[in-house]
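# Close look at the chain arrangement
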Amino acid sequence: MIELPESVVLASQITETLRGKRIESVVANQSPHAFAWYSGDPAMYDPKLRGKAISGADIYSGTVRISAGDMSLLIGTPIRYHGEGNALPKRHQLLLKFDDGTSVSCTVQMWGVLFCYKQGDEGTGIPVGHITKPAPSPFEDAFDFPYFESLTTGLDLRALSAKGFLATEQRIQGLGNGVLQDILWTARIHPKRKMASLSDVEFGSMYKAVKSVLSEMAARGGRDTERDLFWQVGGYKTILSKNTLGAPCPACGTIIKKEAYLGGSIYYCEGCQKLE
């Protein structure tokens, strides 16, 4: 999957680079993947999209939505641009070839959506079980503190951890386990801390970190653990990630640790992020 900062970067690059290009052919599901999800029969993507011109891209439900004629592609995987004559990957879950000899490919990492449907038909074109109604994005004014507080309504905060609150159930669309790490470090909250144990000040710090860290990640072209449309790593230097595991925390010097938690890895600094 891709997360919100990279989706923002990809949507901008796609609009700038692919606008006006006409789709010559489409290959979907060439390399079957257990966690690649399509809408309908992937074999029908080619007749649905062939001859359509790309008009731009935006963000929908935290993922990249590409407009092509009267069709939409909703992509939740890395997207890579290939110039004319460049070698194409041997394995991919979606490949769009354009009439000028350029292409883009999508290769699922862990899991990802690759939906194709009529423009405006998010309610019926997206398979059941996937988000069809977007919520306010952290980049929007509507994502204010009262809205953030409302996300806790009906939750058992005594049992729910900080990671569970922010990065599961897509409460904040596009915020996943990757961007979570620096958000919680910035707020000085351990990923395993129970939400009920947070003070009002800490909860406010969590909200501010969601807004500020995601904005900085997007502004810097995505994270240095991820790649953009041109397969360049992002300019945001992650504080807690595979790149910094075992290094000293830039704030207190404590060695950064990693462990498995809630179906994925967490990175944290025991000095800055107290569990108690």
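Note that the structure is a prediction, hence the values are computed from the model and not measured.

### Things to note about the sheet that holds strand β6 (residues 79-82)
- Strand order in this open sheet of four strands is β1-β7-β8-β6, and the pairing throughout is antiparallel. The sheet is open, and its two borders are formed by β1 (23-28) and β6, each paired with just one other strand. If you compare each strand with its neighbour and ignore which way they point, the axes differ by 15° on average.
- Examined bridge by bridge, β1 and strand β7 (residues 94-98) share five bridges and lie antiparallel to one another. Note that in β7 the partner of Ala28 across the bridge is Leu94.

### Describing the nonpolar core
- Among the nonpolar cores identified, the biggest contains 37 residues, and Phe148, Phe165, Leu166, Leu175, Ile183, Met206 and Val210 are the most heavily contacted of them.
- Those elements giving two or more residues to this core turn out to be α4 (145-150), α5 (162-167), α6 (177-187) and α7 (200-219).
- Of all the elements, α7 adds the most residues to this core, at eight residues.
- Each residue touching Phe148, except ones within four places of it in the same chain, is listed here: Phe143, Phe165, Leu166, Ile172, Phe203, Met206, Tyr207 and Val210.

### What about the pairing of strand β10 (residues 257-261)?
- Sheet analysis places β10 next to strand β11 (residues 264-268), joined by five bridges and oriented antiparallel. Directly across from Tyr261, in β11, lies its bridge partner Gly264.
- Connecting β10 to the next strand, β11, in antiparallel fashion are two residues, including Leu262 with a positive phi near 55°.

### As for the layout of surface pockets
- Each pocket or cavity is described by its volume, and for the largest pocket that value is around 1000 Å³.
- Considering the residues around the largest pocket, the lining is formed by 32 residues, among which Glu3, Met110, Asn177, Gly178 and Glu226 are closest to the centre.
- For the lining of the largest pocket, the secondary structure elements donating two or more residues are α5, α6 and β11.
- Broken down by class, the residue content of the lining of the largest pocket amounts to 10 nonpolar, 13 polar and nine charged.
- Within this model, the second largest pocket holds a volume of roughly 290 Å³.

### Notes on the sheet that holds strand β4 (residues 63-68)
- Read across the sheet, five strands follow the order β2-β9-β5-β4-β3 without closing on themselves; strand pairing throughout is mixed. This sheet does not close on itself; its edge strands, each paired only once, are β2 (36-38) and β3 (54-60). Strand-to-strand, the axes of this sheet are offset by a mean angle of 15°, without reference to chain direction.
- Alignment of β2 against strand β9 (residues 112-118), held across three bridges, turns out to be parallel. Note on β9: the bridge partner recorded for Ala36 is Gly112.
- Along the sheet face, helix α1 (residues 4-18) touches β3 and β4 and points at about 170° away from the line of β3.

Definitions and limits used
- Residues numbered from 1 in each chain as written.
- Predicted model: local features only at pLDDT ≥ 70, side-chain atom pairs only at ≥ 80, totals over all residues.
- Heavy atoms only, no water.
- Pairing = 2+ DSSP bridges.
- Helix = DSSP H or I, 4+ residues; strand = E, 2+ residues; numbered from the N terminus.
- Axes fitted to C-alpha atoms, helices over the stretch in contact; angles between N-to-C directions.
- Core = buried A, V, L, I, M, F, W, Y, C linked by side-chain atoms within 4.5 Å.
- Buried < 20%, exposed > 50% of the residue type's maximum accessible area, 1.4 Å probe, protein only.
- Contact = heavy atoms within 4.5 Å.
- 1 Å grid on protein atoms, 1.4 Å probe; cavity = no way out; pocket = protein on both sides within 12 Å on 5 of 7 lines; lining within 4 Å.
- Points joined across faces, edges and corners; volume = space filled by probe spheres on them.
- Nonpolar A, V, L, I, M, F, W, Y, C, P; charged D, E, K, R; others polar.

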